[in-house]
Amino acid sequence: MVQCEMCGAETSSPKKVKVEGAELDVCSDCADFGTEVKTQSSSGETSTKYSTSSGGSSSSSSASGSTSTTSSTGGGSRSRSDMFDDMDELAQDYDDRIRNAREDRGLSQADLANELNEKASLIRKLERGDTLPSDEVQSELEGYLDITLSGSGGGEDTEWEGGSSTGEYTLGDVVKRKD
């Protein structure tokens, strides 16, 4: 018997479910709180499919990459995905991007706050990196300052260029010694 990672109940057949970005082994009662993770293996390959099934069997369409599930008990078809799969990640240097764009336009923090109908203290906190912008404030900043705050444009996520002339990386290209 295995314990449900959500409620702690003993279960003989746990289901793997994705709840807010985390994959958990849960009992059948708690499976409704997330998106069931189906793993199918064919000739050594493993692909993960997400489906919502409330008991019964389900089949998911993999030809178009979309998630659709037909429950044998409900007879209907519905589509559901995890909310974290569709979210854009905020850039690591969002604070610098906001500050540089504001300064390039010759605006003070108070001027920018007035233009966006926000408080100057919010602009200060954003530029210090003390707080993250809400989706609404992020879109207002991106539109007014003509910048992008999401994604990896110029952050640490860019691929590193090695120093090897052969185009291959060695351990010496990556390791930093503490001499």
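Above this note sits the structure.
Now for a description of the structure that goes with this document. (Residues numbered from 1 in each chain as written. Predicted model: local features only at pLDDT ≥ 70, side-chain atom pairs only at ≥ 80, totals over all residues. Heavy atoms only, no water.)

**Describing the side chain of Arg102**
No. 1: If you trace the backbone, Arg102 turns up in helix H1 (residues 94-104).
No. 2: Of the polar contacts made by the side chain of Arg102, one reaches the backbone oxygen of Leu107; its length is 2.8 Å.
No. 3: When near neighbours in sequence (up to four residues on either side) are disregarded, Arg102 contacts Leu107, Ser108, Gln109, Leu112, Glu127 and Leu145. (Helix = DSSP H or I, 4+ residues; strand = E, 2+ residues; numbered from the N terminus. Polar contact = N/O pair within 3.5 Å; in protein donor to acceptor, adjacent residues only side chain to side chain. Contact = heavy atoms within 4.5 Å.)

**Side note on the pairing of strand S4 (residues 22-26)**
No. 1: Pairing of strand S3 (residues 15-19) with S4 involves five bridges; the strand directions are antiparallel. Looking across to S4, one finds that Val17 is bridged to Leu24.
No. 2: The hairpin formed by S3 and S4 contains two residues between the paired strands, and Glu20 there has a positive phi angle of roughly 50 degrees. (Pairing = 2+ DSSP bridges.)

**Some thoughts on the pattern of salt bridges**
No. 1: Using the criterion set out here, one finds six salt bridges in the structure.
No. 2: One salt bridge in this structure joins Lys16 and Asp25, with 3.5 Å as the shortest N-O distance.
No. 3: Here Arg102 makes a salt bridge to Glu103, at a shortest N to O gap of 3.9 Å.
No. 4: By relative accessible area, which is 8% here, Arg102 ends up buried.
No. 5: By relative accessible area, which is 45% here, Glu103 ends up partly exposed. (Salt bridge = Lys/Arg side-chain N within 4 Å of Asp/Glu carboxyl O. Buried < 20%, exposed > 50% of the residue type's maximum accessible area, 1.4 Å probe, protein only.)

**Considerations on unusual backbone geometry**
No. 1: Positive phi outside glycine occurs at Asn117, with the angle close to 60 degrees.
No. 2: Tracing the backbone shows Asn117 in the loop between helix H2 (109-116) and helix H3 (120-128).
No. 3: You will see that Asp146, though not glycine, has its phi angle at about 55 degrees, which is positive.
No. 4: Structurally, Asp146 can be placed in the loop between helix H4 (135-145) and helix H5 (171-174).

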